[in-house]
Amino acid sequence: MSALTPDLVRLGDVETWMFDEALPLWATMGRDPGLGFVEKLSDDGAPESIDFKRMRVQARQIYVYSHAAMLGWQGLEAAADGLAFITQHGWLADGGWAFKLGRDGRVLDATVNLYEQAFVLLALGWHARASGARDAINLAHHTLDVVHQKLGRTNGLGFRSDDSGGERLEQNPHMHLLEAMMVLYETTGEARFLDEAHGLVKLFEQTLFQPDKGVLLEFFEAGGHPAEGQRGRIVEPGHHFEWVWLLAEYKRLTGEDKSPIACRLFDFAETYGVARDTGLVKDGVLEDGNHFDPDHRLWCQTEALKAHLVMDAHGREVNGTRVVQIISNILDRFLATNPRGLWVDHLTHSLTHKSAGAPASTLYHLFLAFAELRRLVPAR
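Read on for an overview of the structure.

The next subject is the packing of aromatic side chains. For the coordinates displayed, the defined rule picks out 15 aromatic pairs. Pairing Phe-37 with Tyr-65 gives two aromatic rings, centres 6.0 Å apart and planes at 5 degrees, and the pair type is stacked. Of this pair, Phe-37 sits in the loop between α1 (11–28) and β1 (40–41) while Tyr-65 is found in helix α2 (residues 55–70), placing the two residues 28 residues apart along the sequence. The same class applies to Phe-37 as to Tyr-65, namely buried. Arranged with centres 4.1 Å apart and planes meeting at 15 degrees, the rings of Phe-204 and Trp-243 form a pair that is stacked.

Okay, structure coming up:
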């Protein structure tokens, strides 16, 4: 890490984009006053006419502005406004957070989805850390109670994806639930959250990670076996990188070293999940490394950055050349927009724009990756 300097990683450009351009834009144009955050901004920076608000987006933005407040940016008012919106409108009468609200707060979809619960838990942990509000921790306990009551699987192996009754297992929401549990544990020191984290890492080791191939699969049948057909062969390199970072965090908080698995995830993603000509992370491959989805979402690049920055925690030297390449790809290919503070969310494998507008959900990935860069390569 010592070879990485603020100039080399363009820390000034990163901080300007984050604190002077993105956060102000999304705290103004990205908000409905008194009604939380919008789903998406168009390419000219105006809110798009979308008549719903997903709970995950509200939660991610609450996280962003809570974390920003911890870094000295005046984000707590925006975070508190978002939290007030979801607590007033999104908590269901029989417990749990609704999947989707209308722009005015009406519940449009009352499904209790594990992914949404995980992100609200993450938001509550960060908001409690930034504000000191115990109410947020109490609400986190209530949320976790609902996760167990409504989403616990009959065989005790992880959680259902939602409360519709299916027993199939998905990797992604468990990954974010682990992230939330570690944040809540670090915020409170309460054993309940650490115990949940231990259980999720055990699920990862025993079911989600496939040791014979060194890959993390996404979809599983009720018994914990990979899903049938191609669905059970899909590997997302971005999620490999995300787990590399999470396992470094787990080691930092608990002392438990999962570096052998983390290194296998990292090596597979770097070998098969990165375009050799550009260094851009691919959206998806199959478990044998063959192409599945060779395009490039922005969030995959941010997760690669986080993973590379913590490889020294896994016993590897940080690859400064790749770190610089990833940062340049993010800044120059995805964030070079006019107006500033927006992003190109998705590129094709031939580097044309695959989507228009900037979905609010991506700011979580960008902010966390840049905050980690700022933490691990501080300005001198």
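Moving on, there is more to tell.
This next bit is on empty space enclosed by the protein. Scanning the entire structure with this criterion turns up 1 cavity of 30 Å³ or more. If you add up the space inside the largest cavity, you get close to 30 Å³. For the largest cavity, the full set of lining residues is Val-38, Glu-39, Lys-40, Glu-48, Ile-50, Phe-52, Lys-53 and Arg-103. Looking at the lining of the largest cavity, its residues break down into 3 nonpolar, no polar and 5 charged.

Its volume calculated, the largest pocket comes out at about 550 Å³. For the largest pocket, the lining is made up of 30 residues, of which Arg-56, Arg-60, Tyr-115, Trp-299 and Ser-361 are closest to its centre. Elements supplying a minimum of two residues to the lining of the largest pocket: α2, α6 (171–188), α8 (237–254) and α10 (298–309). Class assignment for the residues of the lining of the largest pocket results in 9 nonpolar, 11 polar and 10 charged. Approximately 360 Å³ is the volume attributed to the second largest pocket. Lining of the second largest pocket is provided by 19 residues; of these, His-67, Trp-126, Arg-129, Glu-372 and Arg-375 occupy positions nearest its centre. Residue assignment for the lining of the second largest pocket shows that the elements contributing at least two residues are α2, α4 (114–131), α6, α8 and α12 (363–376). The residue inventory of the lining of the second largest pocket, partitioned by class, reads 10 nonpolar, 1 polar and 8 charged.

Here is what the cut-offs are and how they apply
- Residues numbered from 1 in each chain as written.
- Predicted model: local features only at pLDDT ≥ 70, side-chain atom pairs only at ≥ 80, totals over all residues.
- Heavy atoms only, no water.
- Phe/Tyr/Trp six-rings, centres within 6.5 Å; stacked < 30°, edge-to-face > 60°.
- Helix = DSSP H or I, 4+ residues; strand = E, 2+ residues; numbered from the N terminus.
- Buried < 20%, exposed > 50% of the residue type's maximum accessible area, 1.4 Å probe, protein only.
- 1 Å grid on protein atoms, 1.4 Å probe; cavity = no way out; pocket = protein on both sides within 12 Å on 5 of 7 lines; lining within 4 Å.
- Points joined across faces, edges and corners; volume = space filled by probe spheres on them.
- Nonpolar A, V, L, I, M, F, W, Y, C, P; charged D, E, K, R; others polar.

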